[in-house]
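A look at the structure
Spelled out, the chains give:
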Amino acid sequence: MILGYLAALFTAAWLGNFIVKRLILRALERMMGLVWRDWSQNLPLQKAIRRLSNIVPALIVMLGASMIPEIPDKTAAVFDNLCITFIALFIALTFSNVLDALNHAYEKRPEARAKPIKGYLQLAKIVIYIITAILMISTLVNRSPIFLLSGVGAIAAVLMLIFQDTILSVVASVQISSGDLVRVGDWIEMPNLNADGDVIDIALHTVKVQNWDKTITTLPTRRLITDPFKNWRGMRESGGRRIKRPLLLDQSSIRFLNADEIDSLKRFVLLREYLNGKEAEIALWNQRLGDHAIVEANRRRITNIGTFRAYVAQYLKHHPGVHQGMTSMVRQLSPTPEGLPLEIYCFTNTVAWVGYEGIQSDIFDHLLSILPEFGLRVFQSPSGADFQSLSVRP
């Protein structure tokens with residue numbers, strides 16, 4: 001007789017589950033789709049409602065078991081405990097999906113990139129799951145949750161060891177958020193972890209970086225606190241990207257310019273003012289030398305490398321791709337066995353990678369091509385073709 005009642009009870013639970021999911025839930029989803037435009041895109045909230053509907057058959061079984069005549073009290077208690085455990089589990093899963101839906105809605109806000117809350121919501125999920133696990137165990141063993149909590153102190157060290165990564169990740173997430181160290185969309189560089197690209201996700205335990213080769217590096221969140229890294233956000237926000245590259249000049253090509261060469265270079269618009277001013281300055285200097293000016297070593301003269309340096313400075317000043325509100329200079333570095341480095345230091349007026357490389361290449365294309373006008377040569381190690389040309393000379 002009891003088996004017949006149990007079969008009827010489970011059939012009623014199955015029918016209740018069928019009605020809720022196939023009729024009521026579908027009607028509710030259609031209604032929400034008409035009222036809420038973004039309903040179809042909010043998958044976490046849809047999952048929350050579907051999981052919450054799973055408690056209906058458990059409620060039917062729990063209420064119906066107590067109404068079966070002649071059912072033993074222990075059997076009824078087992079049904080109640082199992083149903084309460086089932087309900088607690090799906091309520092916890094529903095809360096988890098609600099938190100996911102909250103994060104889904106928050107990520108659409110403009111401040112979400114600077115202040116992500118995904119890590120904090122994951123921490124809230126852990127707390128919910130711990131509380132749910134305690135309630136489920138206490139229900140199954142038919143003991144008060146306080147009885148289970150009384151033994152937590154004895155295993156505190158074990159819990160600290162188990163949740164060590166979580167605790168460190170929580171502290172790291174708070175420091176990252178409060179210090180605004182990393183945002184979603186930032187370009188960060190961590191060579192020791194093979195990460196060089198854009199941050200695409202910041203979670204409680206991990207940070208995902210999409211590298212420039214489209215691979216994804218997953219970093220422990222705490223490593224952003226314990227390890228040094230470079231964040232290129234400042235460059236992007238400034239509106240200018242730095243060019244810092246030298247031209248290696250053959251030092252044997254550096255010399256003074258004669259009068260004819262100076263007159264020839266005056267045809268360059270960018271050099272005309274510089275050369276006229278320089279000639280006047282040098283003439284005044286040499287005039288003050290008096291009789292000592294007879295010796296060429298005592299006189300000041302215009303050099304081809306100094307003139308070229310002035311030309312490059314003017315060229316950068318008038319280049320449409322160079323940011324004129326940032327530092328721009330041309331400087332000599334210490335001579336090396338590979339030549340004399342003449343470094344171009346400036347900023348482009350774009351931070352886009354392709355545009356930046358185009359401007360940089362345009363500048364150096366021009367400078368390398370115009371070097372012979374100044375009697376200068378770039379340094380280049382001899383190649384096989386150079387030795388071959390030497391061997392065939394008479």
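Residues numbered from 1 in each chain as written. Predicted model: local features only at pLDDT ≥ 70, side-chain atom pairs only at ≥ 80, totals over all residues. Heavy atoms only, no water.

1. Here's the deal with a nonpolar patch on the surface
A contiguous nonpolar surface patch, about 600 Å² in accessible area, is contributed by Trp14, Leu15, Phe18, Ile19, Leu23 and Ile24. Mapping leucine 15 onto the fold places it in helix H1 (residues 2–35). For leucine 15, a relative accessible area of 39% corresponds to the partly exposed category. (Patch = residues over 30% accessible without salt bridge, like charges linked within 9 Å, V, L, I, M, F, W, Y side chains within 5 Å. Areas by Shrake-Rupley, 256 points an atom, 1.4 Å probe, with all protein chains shown as cover. Salt bridge = Lys/Arg side-chain N within 4 Å of Asp/Glu carboxyl O. Helix = DSSP H or I, 4+ residues; strand = E, 2+ residues; numbered from the N terminus. Buried < 20%, exposed > 50% of the residue type's maximum accessible area, 1.4 Å probe, protein only.)

2. As for the packing of helix H3 (residues 55–65) against helix H4 (residues 73–106)
Between H3 and H4, the shortest axis-to-axis distance is 9 Å and the interhelical angle comes to 160°. Relative to H4, the element H3 is oriented roughly antiparallel. Here the hand of the crossing between H3 and H4 comes out left-handed. Touching Ile55, Ala58, Leu59, Val61, Met62 and Ala65 of H3 are Phe79, Asp80, Cys83, Ile84, Phe86, Ile87 and Phe90, all from H4. (Axes fitted to C-alpha atoms, helices over the stretch in contact; angles between N-to-C directions. Parallel < 35°, antiparallel > 145°, perpendicular 65-115°, else oblique. Left-handed = near helix turned anticlockwise from the far one by under 90°. Contact = heavy atoms within 4.5 Å.)

3. Brief notes about the nonpolar core
Within the largest apolar cluster, 33 residues are counted, with the highest numbers of intra-cluster contacts made by Phe308, Ile363, Leu367 and Phe374. Where this core is concerned, the elements lending two or more residues are strand S6 (241–249), helix H11 (259–265), helix H12 (269–289), helix H13 (304–318), strand S8 (340–348) and helix H14 (353–370). Broken down by element, the residue count for this core peaks at seven residues, all from H13. In this structure, phenylalanine 374 is in contact with Leu265, Phe268, Leu271, Asn304, Thr307, Phe308 and Tyr311, ignoring residues within four places of it in sequence. Within the second largest apolar cluster, 14 residues are counted, among which are Ala13, Ile55, Ala65 and Phe90. (Core = buried A, V, L, I, M, F, W, Y, C linked by side-chain atoms within 4.5 Å.)

4. A word on the layout of surface pockets
A water-sized probe, rolled over the atoms, reveals where empty space remains. Computed from the structure, the second largest pocket encloses a volume of approximately 170 Å³. Lining the second largest pocket, in full, are Trp187, Glu189, Asp196, Trp212, Trp232, Met235, Arg236, Arg241, Val351, Ala352 and Trp353. Within the residue set of the lining of the second largest pocket, elements represented by two or more residues are strand S1 (187–190) and helix H10 (233–238). Residues belonging to the lining of the second largest pocket are distributed by class as follows: seven nonpolar, no polar and four charged. (1 Å grid on protein atoms, 1.4 Å probe; cavity = no way out; pocket = protein on both sides within 12 Å on 5 of 7 lines; lining within 4 Å. Points joined across faces, edges and corners; volume = space filled by probe spheres on them. Nonpolar A, V, L, I, M, F, W, Y, C, P; charged D, E, K, R; others polar.)

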